[in-house]
Each structure stands twice: as C-alpha cells, then as structure tokens.
Amino acid sequence: GVVVTVQTGIAIAVGVFATVMLAFVKTNLSIANIQQSLLSRQMAIGLAAGAFLGFCTVAYGAAMQAMTGGSLLNNAIYAAAIGVTIQAACFGAYLYVAKRNEFIASFVEWRRAGLAGVWASICSICWFAAFLSHEVAPVRAVGQVELLFSVGFSILYFKERVTRLELTAMALLALSIIMVLLD
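A few points on the structure. These numbers come from a predicted model, not from an experiment.

1. Section: the overall build of the protein chain
Okay, step 1: Looking only at helices and strands, one finds 9 helices and 0 strands in the protein chain.
Okay, step 2: In the protein chain, the succession of helices and strands from N to C terminus is α-α-α-α-α-α-α-α-α.
Okay, step 3: Along the three orthogonal principal directions, the C-alpha set of the protein chain runs to about 50 × 45 × 30 Å.
Okay, step 4: In the protein chain, buried positions account for 22% of the 183 residues.

Okay, structure coming up:
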C-alpha cells in the first residue's frame, strides 16, 4: 500500500480542518449551530459525495498505475476520456429521469456551456497526469488549491467580503499545500 509521511499526514489534516472552517464561514459559530450543521441533510450529502470522491480518486489512481505502455500524456487523456464519459452518462441518466427540463436545456444551451466542458476536460487530464506521476493522497491535498481559487474568484469577480475566519482558513489551506509540496 501507500505510506504517507508524517509531514504529509499533518498537512492533509490541516487541509481538512481548513476546509471545515470554510464550510462554517457563513454561520454563527455556536455549539448548537455546529451540531445542527453536522446533523443536517446537506452535511450528509456532502460527506457522501466526499466519500465517493475519495473512493473514485483511489480507484482512478490504481487504474492509472495499472496502465502500461503509452506516454504519460496519452494515458492521462485516455483515462480522462473514459472517466468523463462515465460521469456524463451517469449524470445524463440522472437528469433524464429526475430533471427532464434541465436535460433538454443542456442540449439547447450547449454552445454556452461548451467552453466550461473544454476546461473541465483539460483539468481532468491534468488530474490524471498527476495521478500517474505521484501518489493519490498528496495529489488530492495539493488539489485543494482549487478552494483558494474559488474563494479568490468570488472576491475578485463577485466582490464578496472576506471574514477573518475565511482568511485564517485560506492561510491554513495554503500552509497545508506548501507542506505537501515541501515533503
């Protein structure tokens, strides 16, 4: 199996703590609110999504390590194409069954959404190339930089105000990423 160093393990724990801090930014921090949030439907869905993401990440990493032949880029493109196709089929089936109007709208508005799909595909290829080059845990830990980009984008584009708690969480997240990169 994969052995994570103490430094990377601590970095992952700091990153998880920072992510949880960001989740509580918009709430009044009290024991009752935290307890209510932890037992909410949204938290259950988020934890389930995180568990499935963790499983998929490990499965993708194992699949990538099993690939033989081909260059890193070709293998990453091939794996990303398979992964994105499976995701599109599953999500498309869900939309077709549960939200038919949105399913139809996705075909009507394909031009407006196409660029986002291209960028998402490029990002997927980069993720898979990283999984080919490194162990899964540090790749996912460094991947948390996307939260920093999201918060930064919301500040610059949407002019959202940043609280001290958000700044602290972002600093901890940046620290965790730096710790992984230095290990």
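2. Focus on the pattern of salt bridges
Okay, step 1: Throughout the structure, instances matching the rule amount to 1 salt bridge.
Okay, step 2: We note a salt bridge from Arg112 to Glu109, for which the minimum N-O separation is 3.5 Å.
Okay, step 3: Residue classification places Glu109 among the partly exposed residues on the basis of a relative accessible area of 36%.

3. Section: the layout of surface pockets
Okay, step 1: In this structure, the largest pocket occupies an estimated 1500 Å³ of space.
Okay, step 2: Contributing to the lining of the largest pocket are 45 residues, with Val84, Gln87, Ala120, Ser124 and Trp127 lying nearest its centre.
Okay, step 3: Those elements giving two or more residues to the lining of the largest pocket turn out to be helix 3 (41-66), helix 4 (72-98), helix 5 (100-108), helix 6 (110-133), helix 7 (136-142), helix 8 (145-156) and helix 9 (164-182).
Okay, step 4: In terms of residues, the lining of the largest pocket owes the most to one element, helix 6, which gives 13 residues.
Okay, step 5: Among the residues forming the lining of the largest pocket, the class breakdown is 28 nonpolar, 13 polar and 4 charged.
Okay, step 6: Approximately 830 Å³ is the volume attributed to the second largest pocket.
Okay, step 7: Contributing to the lining of the second largest pocket are 24 residues, with Thr19, Gly46, Gly50, Gln144 and Leu147 lying nearest its centre.

4. So, the packing of aromatic side chains
Okay, step 1: Following the criterion strictly, the structure yields 9 aromatic pairs and no others.
Okay, step 2: Aromatic side chains Tyr96 and Phe103 sit 5.3 Å apart centroid to centroid with 80 degrees between the ring planes, which places their arrangement in the edge-to-face category.
Okay, step 3: For Tyr96, a relative accessible area of 42% gives the class partly exposed.
Okay, step 4: Centroid distance Phe128 to Phe131: 6.2 Å. Interplanar angle 80 degrees. Geometry classified as edge-to-face.

5. Some thoughts on the nonpolar core
Okay, step 1: Judged by nonpolar contacts, Met64, Ala76, Ala79, Ala80, Phe128, Ala129, Phe131, Leu132, Val136 and Val139 together constitute the single largest core of 10 residues.
Okay, step 2: Elements with a minimum of two residues in this core: helix 4, helix 6 and helix 7.
Okay, step 3: Ranked by residues supplied to this core, first place goes to helix 6 with 4 residues.
Okay, step 4: Those residues in contact with Ala79 that sit more than four places away from it in its chain are Met64, Met67 and Phe128.
Okay, step 5: Listed in part, the 7 residues of the second largest apolar core include Ala18, Leu22, Val25 and Ile177.

6. Some words on the side chain of Ser154
Okay, step 1: As for its position among the elements, Ser154 is in helix 8.
Okay, step 2: A relative accessible area of 13% places Ser154 in the buried class.
Okay, step 3: At a separation of 2.7 Å, a polar atom in the side chain of Ser154 contacts the main-chain carbonyl oxygen of Val151.
Okay, step 4: The residues touching Ser154, leaving out its near neighbours within four places in the chain, are Lys159 and Glu160.

Reading guide: rules and limits
Residues numbered from 1 in each chain as written. Predicted model: local features only at pLDDT ≥ 70, side-chain atom pairs only at ≥ 80, totals over all residues. Heavy atoms only, no water. Helix = DSSP H or I, 4+ residues; strand = E, 2+ residues; numbered from the N terminus. Buried < 20%, exposed > 50% of the residue type's maximum accessible area, 1.4 Å probe, protein only. Salt bridge = Lys/Arg side-chain N within 4 Å of Asp/Glu carboxyl O. 1 Å grid on protein atoms, 1.4 Å probe; cavity = no way out; pocket = protein on both sides within 12 Å on 5 of 7 lines; lining within 4 Å. Points joined across faces, edges and corners; volume = space filled by probe spheres on them. Nonpolar A, V, L, I, M, F, W, Y, C, P; charged D, E, K, R; others polar. Phe/Tyr/Trp six-rings, centres within 6.5 Å; stacked < 30°, edge-to-face > 60°. Core = buried A, V, L, I, M, F, W, Y, C linked by side-chain atoms within 4.5 Å. Contact = heavy atoms within 4.5 Å. Polar contact = N/O pair within 3.5 Å; in protein donor to acceptor, adjacent residues only side chain to side chain.

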